[in-house]
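Residue-level listing of the chains:
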Amino acid sequence: MSIIYMTREITPESLVRIYRALGVTLPGSAAVKISTGEPGGRNFLQPELIRNLVQELKGTIVECNTAYEGKRNTSKAHWETMRDHGFTAIAPCDILDEEGHIPLPVTNGHHLRENYVGSHLQNYDSMLMLSHFKGHAMGGFGGALKNMSIGLASSYGKIWIHSSGTSTRFEDVFTADHDSFLESMADADRSVMDYMGRENIVYINVANRLSVDCDCDAHPHDPEMGDIGIFASVDPVALDQACVDAVYASEDDGKAALIERIESRKGIHTVEAAHSLGLGSRRYELRCIDSHKN
């Protein structure tokens, strides 16, 4: 059973506090993987929220280019977006696939034998997977597992995961078998965890602005339910499971839209697939770090 730390406070101070609660010191050069967000939307984690934690880690904010057209599909456009969104003002930033990608082997995966990640991943010793938990048009929801798979994949690698290793053509993303795509995200997660070393990655999900749409949407639907809090663990499977459970357990009537998005895209299957690969446990103990709360 894994431990999940949780706070209902979503502030720069509480983000630092929940990281410290994990009792883990990330060694060497630390990457902080976020979504830099497509221009037009406001669902991405804001620089003022994450600044204190990134600077405490002396971390570098990292991202990869997108596979779809927009303001992050080329390195030039992506650098402009990172500057416009305020990330370059708070910490060093790095587009991991600016100079191409490297293959990571997938051991005993559901579909993939290789996962293609940004080549600059080689420059980091450890990683904070700092994810905005929300809905997603294809994955049902986005959390730690999606951020680590699609998020670290190069633009080439993103299509490879979506097509379960059968195509590198963007148009095939929309006709690929859906369950296989969700399982392939788990395969990609395994390759990253094996490459970095599981002890060198920690995971934080911020469950705020709980739109049915993700940070990659330039025109996301407004959230229909209120913020839940911040969750942290060394187990990405338990972390995403806990966040999904928190949505279901919420007393907010607006949760129906997000639940429909998760269920209609079979979002929990990514968690199931990651669990079947031994990447973590779906059973967890929730520990609230807020004062006078259990």
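Within each chain, residue numbers correspond to sequence positions counted from 1 in written order. Where local features are concerned, this predicted model is filtered to residues with pLDDT of at least 70; where side-chain atom pairs are given and counted, the filter is 80 or more; whole-chain, interface and lining totals use all residues. Values shown for side chains rest on all heavy atoms present in the structure; no hydrogens or waters enter the calculation.

Per an unreviewed UniProt entry, the recorded name for the chain is DUF362 domain-containing protein, and the organism is Enterocloster bolteae.

Undergrad: Before we go on, may I ask you to explain the packing of helix α1 (residues 12–21) against helix α2 (residues 47–56) in this structure?
TA: Where α1 meets α2, the closest approach of the two axes is 7 Å, and the angle between their N-to-C directions is 40°. Viewed along their axes, α1 and α2 adopt a mutual orientation that is oblique. The hand of the α1/α2 crossing is right-handed. Residue-level inspection shows P12, E13, L15, V16, Y19 and R20 of α1 in contact with α2, the latter providing E48, L49, I50, N52, L53 and E56. Fitted lines through C-alpha atoms give the axes, limited to the stretch in contact for helices. The angle between two N-to-C directions lies from 0 to 180 degrees. By the criteria applied, helices consist of DSSP H or I runs no shorter than four residues and strands consist of E runs no shorter than two, each listed in order from the N terminus. Roughly parallel covers angles under 35 degrees, roughly antiparallel covers those over 145, roughly perpendicular covers 65 to 115, and oblique covers all other angles. Less than a right angle of anticlockwise turn of the near helix away from the far helix marks a crossing as left-handed, whereas a clockwise turn marks it as right-handed. Whether two residues are in contact is decided by their heavy atoms: any pair within 4.5 Å suffices.

Undergrad: Explanation requested: the nonpolar core in the structure shown.
TA: What tends to happen in soluble globular proteins is that the nonpolar side chains get buried as a cluster. Only buried residues count toward a nonpolar core, which is a set of Ala, Val, Leu, Ile, Met, Phe, Trp, Tyr and Cys residues joined through side-chain atoms within 4.5 Å. Buried residues are those whose accessible area, probed at 1.4 Å on protein chains only, stays under 20% of the maximum for their type, while exposed residues exceed 50% and partly exposed ones sit between those limits. In this structure, I201, I228 and F231 are the most contacted members of the largest nonpolar core, which totals 47 residues. Those residues in contact with I228, other than ones at most four positions away along the chain, are M6, T7, R8, A207, L210, A246 and V247. Counting 30 residues, the second-largest nonpolar core is a separate cluster that includes L22, L130, I230 and A232.

Undergrad: Mind showing me how you'd approach the pattern of salt bridges here?
TA: Within this document, salt bridges are pairs made up of a side-chain nitrogen of Lys or Arg and a carboxyl oxygen of Asp or Glu, the two lying within 4 Å of each other. Under the counting rule described, the total for this entry stands at 13 salt bridges. The closest approach of N and O atoms between E38 and R72, which form a salt bridge, is 3.0 Å. Here E38, found in the loop between β2 (30–33) and α2, pairs with R72, found in the loop between β3 (60–63) and α3 (75–84); they are 34 residues apart in sequence, far enough to count as distant. Note on accessibility: E38 and R72 belong to one class, buried. Through salt bridges with shared partners, one network takes in K33, E38, E63 and R72.

Undergrad: What should I look at first to understand the sheet that holds β2 in this one?
TA: Two modes of strand pairing occur in sheets, parallel and antiparallel, and in both the strands are linked by backbone hydrogen bonds. Between any two strands, at least two bridges found by DSSP are needed for them to pair. The strand order across the open sheet built from eight strands is β4-β3-β2-β7-β10-β11-β1-β12, with neighbouring strands paired in mixed fashion. One side of each edge strand has no neighbouring strand; the edge strands of this open sheet are β4 (93–95) and β12 (284–288). Each neighbouring strand pair of the sheet contributes to a mean axis angle of 25°, computed without reference to strand direction. Taken together, the six bridges between strand β7 (residues 126–132) and strand β10 (residues 201–207) define a ladder with parallel strand orientation. Bridge pairing in β10 places M127 opposite I201. Along the sheet face, α1 touches β1 (2–7), β7, β10 and β11 (229–233) and points at about 160° away from the line of β1.

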